[in-house]
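Notes for the structure review
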Amino acid sequence: MKRRTFITLLGGAAVAWPLAARAQQPAMPVIGFLHSGSPEPNVNRVAGFRKGLGEAGYVEGQSVAIEYRWAAGQDHRLPDLVTDLIRRRVAVIATPGSTPAALAAKAATTTIPIVFAVGGDPIAIGLVASLNRPGGNATGVNFQNQELVAKRLGMLRELAPANHFVALVNPNSVFTDAVVKDLQASASALGLPIEILRAGTGREIDAAFANLVQKPGGALLVGPDVFFTNRRAQIVTLVTRHAIPAIYFASEFAEIGGLVSYGPNVVNVFQQTGIYVGRVLKGEKPADMPVEQPTKFELVVNLNTARALGIAIPNTLLAIADEVID
C-alpha cells in the first residue's frame with residue numbers, strides 16, 4: 001500500500017471512530033415531571049427536586065433531561081398529560097407534591113416507574129401495597145400531613161382564644177374524608193366544636209369565608225392540599241381581611257402573611273423525591289424501595305401578623321419555632 005493511501009485511510013478511520021463511539025453512547029434518560037399545579041408557585045420546590053437529583057449524580061441538561069407537565073389547577077388534564085409523557089418514552093415519572101398526578105400516572109402505566117410525594121396514606125389510595133415493600137411500579141414519600149392534623153389543631157388552640165374551630169378542606173381530595181375524621185376526633189379531644197367548610201374552586205373559597213365570618217370567635221385550620229397552596233394568596237388575603245387566627249400546613253403561607261404554619265419542609269420532600277428518582281435511574285426497582293417519611297419539619301411564626309391581630313404568641317411556640325418572621 002502506498003504511504004499516501006495509508007495516511008488517507010488512517011485519517012478516515014480517526015474521523016469514524018469518534019462518530020461510532022458517540023453512536024454507541026446511551027441516550028440521555030428523560031424524567032417526566034407531572035404536577036397538578038403551576039410552575040410559578042413551585043419554583044423553590046422544583047429547585048429542591050433538582051438538588052436531590054444532583055445528590056444522586058444527575059444534572060438536568062447534562063446527564064438527564066426533564067419534561068415538565070403542569071395541569072395549572074385543572075386536574076382533568078392530568079390523564080392527557082401523563083399519556084403524552086408515556087408517548088415520549090420517559091424513563092421515570094415524578095409526581096412530587098401532587099396526589100392527583102400520582103393517581104393519574106398510576107392509572108396510566110404499570111411498567112414505567114413512578115416516584116411520588118403524597119399528603120396521606122399511599123396504601124389507602126392504591127399507590128402501593130405496603131410501605132416497606134411497595135410491590136408495584138410506584139414508591140416515594142408520604143408527607144404525613146394527615147397525621148399532623150391533631151398537632152396543628154392543638155397549636156391553634158394554644159395560639160388564640162376561640163369558641164370553636166373551623167377547618168377548610170378540599171372536597172375533591174381523596175384524603176378529605178380521612179382528614180375530616182381526624183379533625184373531628186382531635187377537636188372533640190380538645191373540648192371544642194369544629195365546623196368543616198369545603199372549597200374546591202376560587203369561588204367556593206370566597207363563599208366559605210363569607211360563611212365563616214357570620215360566626216365570629218372561630219379559629220381556622222387550612223387543610224393540607226396542593227389546591228390551597230396554589231390559592232394561598234387568596235386565602236391569606238381573606239384571613240387577613242377578616243382578622244381570623246389561622247394555622248397552615250406549609251411555610252409559603254406564613255411567608256406571605258399567614259400567622260403560623262407547621263408541617264414537613266416541602267422543599268426537602270421534593271429533594272428526597274429527586275434522590276429517589278436518581279436511584280431509579282440507576283436501576284433500583286420501586287417495588288423494593290420503601291416509602292419514606294419527611295426528614296425535616298418546620299414551625300414558622302409571622303410576628304408581624306400576630307401583632308396586627310393582637311395575638312401574643314406563647315413563648316412555648318416561639319422557643320421551638322424554626323423561623324420567626326419579624
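In this text the structure is predicted, and so the values were computed from the model without any measurement. (Residues numbered from 1 in each chain as written. Predicted model: local features only at pLDDT ≥ 70, side-chain atom pairs only at ≥ 80, totals over all residues. Heavy atoms only, no water.)

Here we take up the packing of aromatic side chains. Summed over all chains, the structure comprises six aromatic pairs. Ring centres of Phe33 and Tyr68 lie 5.3 Å apart, and the angle between their planes is 55°; this geometry places the pair in the tilted category. In this pair, Phe33 is assigned in strand β1 (residues 30-35) and Tyr68 in strand β2 (residues 65-70), connecting sequence segments 35 residues apart. Using a relative accessible area of 0% as the deciding quantity, one classes Phe33 as buried. On the accessibility criterion, Tyr68 (21% relative accessible area) is partly exposed. For the ring pair Phe33 and Trp70, a centre distance of 5.5 Å and an interplane angle of 45° mean the geometry is tilted. Of the two residues, Phe33 sits in strand β1 while Trp70 sits in strand β2, which places them 37 residues apart along the sequence. With relative accessibility at 16%, the residue Trp70 sits in the buried group. Clustering of aromatic rings is evident, with ring pairs tying together Phe33, Phe49, Tyr68 and Trp70. (Phe/Tyr/Trp six-rings, centres within 6.5 Å; stacked < 30°, edge-to-face > 60°. Helix = DSSP H or I, 4+ residues; strand = E, 2+ residues; numbered from the N terminus. Buried < 20%, exposed > 50% of the residue type's maximum accessible area, 1.4 Å probe, protein only.)

As a further point, take the sheet that holds β1. Reading across from one edge, β2-β1-β3-β4-β5 is the order of the five strands in this open sheet, with parallel pairing throughout. Both edges of this open sheet fall to β2 and β5 (138-142), since each of them pairs with a single strand only. Shown here is a sheet whose adjacent strand axes are inclined to one another by a mean of 20°, direction ignored. Against the sheet, helix α2 (residues 43-55) touches β1, β2 and β3 (92-96), its axis set at about 155° to β2. Sitting on the sheet, helix α3 (residues 78-87) is in contact with β1, β2 and β3, with an inclination near 180° to β1. (Pairing = 2+ DSSP bridges. Axes fitted to C-alpha atoms, helices over the stretch in contact; angles between N-to-C directions. Contact = heavy atoms within 4.5 Å.)

Quick look at the environment of Ala27 now. Checked against the element boundaries, Ala27 lands in the loop between α1 (3-24) and β1. Taking relative accessible area as the criterion, Ala27 reaches 69% and is therefore assigned exposed.

Before going further, it helps to spend a moment on the pattern of salt bridges. Taken as a whole, this structure holds ten salt bridges when the rule is applied. Lys215 serves as the salt-bridge partner of Glu195, at 3.2 Å between the closest nitrogen and oxygen. Of the two residues, Glu195 sits in strand β7 (residues 194-198) while Lys215 sits in the loop between α7 (202-212) and β8 (218-222), which places them 20 residues apart along the sequence. Residue class for Glu195 comes out buried when judged on its relative accessible area of 18%. (Salt bridge = Lys/Arg side-chain N within 4 Å of Asp/Glu carboxyl O.)

To continue, consider unusual backbone geometry. Of note, Ala72 is a non-glycine position whose phi angle comes to about 55°, a positive value. Positionally, Ala72 belongs in the loop between β2 and α3. Using a relative accessible area of 40% as the deciding quantity, one classes Ala72 as partly exposed. Positive phi, close to 55°, is recorded for Arg89, a residue that is not glycine.

On to the sheet that holds strand β6 (residues 164-169), then. Spatial strand order, β7-β6-β8-β9-β10-β11-β12: seven strands in an open sheet with mixed pairing. Every other strand in the sheet has two partners, leaving β7 and β12 (323-325) as the edge strands with one partner each. The sheet shows a mean angle of 20° between the axes of neighbouring strands, taken without regard to direction. With five bridges joining them, β6 and β8 adopt parallel strand pairing.

What follows concerns the packing of α2 against helix α11 (residues 266-281). It is at 6 Å that the axes of α2 and α11 come closest, and there the two elements cross at 35°. With respect to the hand of their crossing, α2 and α11 are arranged in right-handed fashion. Contact with α2, carried on its side by Asn44, Arg45, Val46, Gly48, Phe49, Lys51, Gly52, Leu53 and Glu55, involves Val266, Val267, Phe270, Gln271, Thr273, Gly274, Ile275, Val277 and Gly278 of α11 and no other residues of that element. Broken down by class, the residue content of the contact of α2 with α11 amounts to eight nonpolar, seven polar and three charged. (Left-handed = near helix turned anticlockwise from the far one by under 90°. Nonpolar A, V, L, I, M, F, W, Y, C, P; charged D, E, K, R; others polar.)

Within the largest apolar cluster, 52 residues are counted, with the highest numbers of intra-cluster contacts made by Leu34, Ile93, Phe116, Leu183, Leu299 and Ile313. It is helix α5 (residues 149-159) that provides the largest number of residues to this core, a total of five residues. In contact with Leu183, other than residues within four places in its own chain, are Val149, Leu153, Ala167, Val169, Ile194, Ile196 and Leu221. Counting 46 residues, the second largest nonpolar core, distinct from the first, contains Ile31, Ala56, Tyr58 and Ala94. (Core = buried A, V, L, I, M, F, W, Y, C linked by side-chain atoms within 4.5 Å.)

This part is about α5. Considered for burial, the residues of α5 that qualify are Val149, Arg152, Leu153, Met155, Leu156 and Leu159. Down the axis of α5, the buried side of the element spans an arc of 160°, and every buried residue falls inside it. (Arc of directions from axis to C-beta.)

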